[in-house]
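Results of the structural survey
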Amino acid sequence: MNRPNPFTGSSGKKSTCLEMLHAILDGDASEEQQEYFREHMDECMPCYKSHELDIQIKQLIKSKCCGTHVPLDLVEKIRRQMNSIT
Amino acid sequence: MEETPRAKYTEKEKVEVFNNEFLPHINSMYNFGHRLTLDEDDAKDLVQDTYLKAFRFIESFQKGTNAKAWLFRILKNSFINDYRKKSKEPSKVDYQEVESYYNSDDVHHQITTDLRVESLQDMIGDEISNALNSLDVDFRTVIILCDLEGFKYDEMAKILDIPIGTVRSRLHRARNLLKDKLSVYAEKMGYKNP
Ligand SMILES: [Zn+2]
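Quantities reported herein were computed from a predicted structural model and do not represent experimental measurements. (Residues numbered from 1 in each chain as written. Chains lettered and ligands numbered in written order. Predicted model: local features only at pLDDT ≥ 70, side-chain atom pairs only at ≥ 80, totals over all residues. Heavy atoms only, no water.)

This next bit is on the coordination of the zinc ion. All names here are of chain A. Looking at the zinc ion, one finds its protein donor set to be Cys17 (SG), His40 (NE2), Cys44 (SG) and Cys47 (SG), positioned 2.0 to 2.4 Å from the metal centre. If you look at the zinc ion, its four donor atoms make angles of 103 to 115° with each other, and the shape they trace is tetrahedral. Written as a sequence motif, the donor residues of the zinc ion are C-x22-H-x3-C-x2-C. Placement of Cys17 in helix α1 (residues 17-25) and of His40 in helix α2 (residues 31-43) is noted, with a sequence separation of 23 residues between them. Judged by relative accessible area, Cys17 falls into the partly exposed class, the value being 26%. By relative accessible area, which is 12% here, His40 ends up buried. (Donors = N, O, S within 2.8 Å, 3.2 Å for Na, K, Ca; no water. Tetrahedral: all angles 85-135°; square planar, octahedral: opposite > 155°, others 65-115°. Helix = DSSP H or I, 4+ residues; strand = E, 2+ residues; numbered from the N terminus. Buried < 20%, exposed > 50% of the residue type's maximum accessible area, 1.4 Å probe, protein only.)

Here we take up a negative patch on the surface. Residue and element names in this part refer to chain B. On the surface, Asp39, Glu40, Asp41, Asp45, Asp49 and Asp82 cluster together to form a negatively charged patch. Counting residues per element, the negative patch draws most heavily on helix α3 (residues 40-56), at four residues. If you trace the backbone, Glu40 turns up in helix α3. Judged by relative accessible area, which is 49%, Glu40 ranks as partly exposed. (Patch = residues over 30% accessible without salt bridge, like charges linked within 9 Å, V, L, I, M, F, W, Y side chains within 5 Å. Areas by Shrake-Rupley, 256 points an atom, 1.4 Å probe, with all protein chains shown as cover. Salt bridge = Lys/Arg side-chain N within 4 Å of Asp/Glu carboxyl O. Lys, Arg positive; Asp, Glu negative; His and termini not counted. Charge placed at Lys NZ, Arg CZ, Asp CG, Glu CD.)

On to the pattern of salt bridges. Considering all chains together, one arrives at eleven salt bridges over all chains under this definition. Notably, a salt bridge pairs Asp161 of chain B with Arg73 of chain B, separated by 3.0 Å at the nearest N-O pair. Here Asp161 of chain B is found in the loop between α10 (153-160) and α11 (164-188), whereas its partner Arg73 of chain B is found in helix α4 (residues 67-84), with 88 residues between them in sequence. A residue is classified by how much of its surface remains accessible, and Arg73 of chain B, at 28% relative accessible area, is partly exposed. One salt-bridge network, held together by shared partners, links Asp26 and Lys58 of chain A together with Asp147 and Arg175 of chain B.

Time to look at the confidence of the model for chain A. Looking at chain A as a whole, the pLDDT averages 86, with 88% of positions reaching at least 70. Within chain A, the lowest mean pLDDT, 89, falls on helix α4 (residues 72-85) of chain A, and the highest, 95, falls on α2 of chain A. (pLDDT = per-residue confidence, 0-100.)

This part covers the nonpolar core. Counting residues in hydrophobic clusters, the biggest one holds 66 residues, and the most contacted among them are Ile78 of chain A together with Phe18, Phe22, Val47, Tyr51, Leu178 and Leu182 of chain B. Of the domains in this structure, domain 1 (11-87) and domain 2 (95-188) of chain B are the two that each give at least three residues to this core. With near-sequence residues (within four places) excluded, Val47 of chain B lies in contact with Leu74 and Ile78 of chain A together with Ile26, Met29, Tyr30 and Leu75 of chain B. Among the nonpolar cores identified, the runner-up in size contains eleven residues, and Met20, Leu21, Ile24 and Cys44 of chain A belong to it. (Core = buried A, V, L, I, M, F, W, Y, C linked by side-chain atoms within 4.5 Å. Domains from an automatic or database assignment. Contact = heavy atoms within 4.5 Å.)

What follows is about the interface of chain B and chain A. Listed per partner, the contact involves 46 residues of chain B and 39 residues of chain A. Overall, the association of chain B and chain A removes approximately 3900 Å² of surface from exposure, summing both partners, and the carbon and sulfur fraction of that is 69%. Scanning the region where chain B abuts chain A turns up three salt bridges. Across the pair Asp26 of chain A and Arg175 of chain B runs a salt bridge, and its minimum N-O distance is 2.5 Å. Sorting the residues of the side of chain B that touches chain A by element identifies α1 (11-22), α2 (26-37), α3, α6 (107-111), α7 (117-121), α8 (127-133), α9 (137-148) and α11 of chain B as the ones contributing at least two each. Its residues assigned to classes, the side of chain B that touches chain A shows 26 nonpolar, ten polar and ten charged. (Buried area = accessible area lost by both parts, 1.4 Å probe. Nonpolar A, V, L, I, M, F, W, Y, C, P; charged D, E, K, R; others polar.)

With that settled, consider the state of the cysteines. Applying the stated rule across the entire model yields zero disulfides over all chains. Cys66 of chain A supplies the cysteine sulfur nearest to Cys65 of chain A, a cysteine that is in no disulfide, at a spacing of 7.5 Å. Between Cys146 of chain B, a free cysteine, and Cys66 of chain A, which holds the nearest cysteine sulfur, the sulfur-to-sulfur gap is 12 Å. For Cys146 of chain B, a relative accessible area of 3% translates into the label buried. (Disulfide = S-S within 2.5 Å.)

So, on to the side chain of Asn5 of chain A. Residue and element names in this part refer to chain A. On the secondary structure map, Asn5 appears in the segment before α1. Taking the relative accessible area as the measure of exposure, Asn5 reaches 14% and is therefore buried. Looking at Asn5, its side chain comes within polar contact range of the main-chain nitrogen of Phe7, at 2.7 Å. Within the structure, Asn5 has its side chain in polar contact with the side chain of Tyr36 (distance 3.5 Å). (Polar contact = N/O pair within 3.5 Å; in protein donor to acceptor, adjacent residues only side chain to side chain.)

Here's what the structure looks like:
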């Protein structure tokens, strides 16, 4: 599997596993890079394990730290103050 | 500010922009404010200030631009100006250290954390939320923007007024710190590190 590494920067320096992991996780990887990384994980156990863990954490953060609702009276309060501006 | 070209909105249009472009983000904004201040009343004040400010400058907002990123930026700046100044404590983030992160020999250690997926699955309580809240506010912020709100590097750079490279390295440091916190919880829960 000797496809060119699409993570290679303009400097020609190859990205480390860690840099690839981050680009993938942060949603900063192109389709081509994602495809490359999927294949890379078959050959690199640390990336495979780390990616699994990262995704789990990201999903947990989303499910545990979102979903708060703004207190209802706040929207009304903001509207009242808006009316006094105009 | 008077010099900049502005959209001419009628009063009715202003309210429409406010309702359609700004208000849909209010729960995210409140969550962001709450996680920055760790206080419900402060969060309410921050959200209110942000929305009133956005309304006051609504004519500088052009339809079709990213309202959410603009609102997050206003809220973050209000937080820095109104809340952070009150605490005399300087930011704990060592930017020098952040920038040299990739040059360290520590990369292999970073990738092989002792945290395991199995231990995460048992974290059903507030461990995740507490771990996030315990991070320094600069680190907390980038995790919220990326993982909760899905902002991209360039959007985060605009919201935070920092270069994209700094966004990237700060985010990665934040993730590692979060993993460290979670490892501590995992250990307390009886998961032995290998
Ligand atoms: Zn790898």
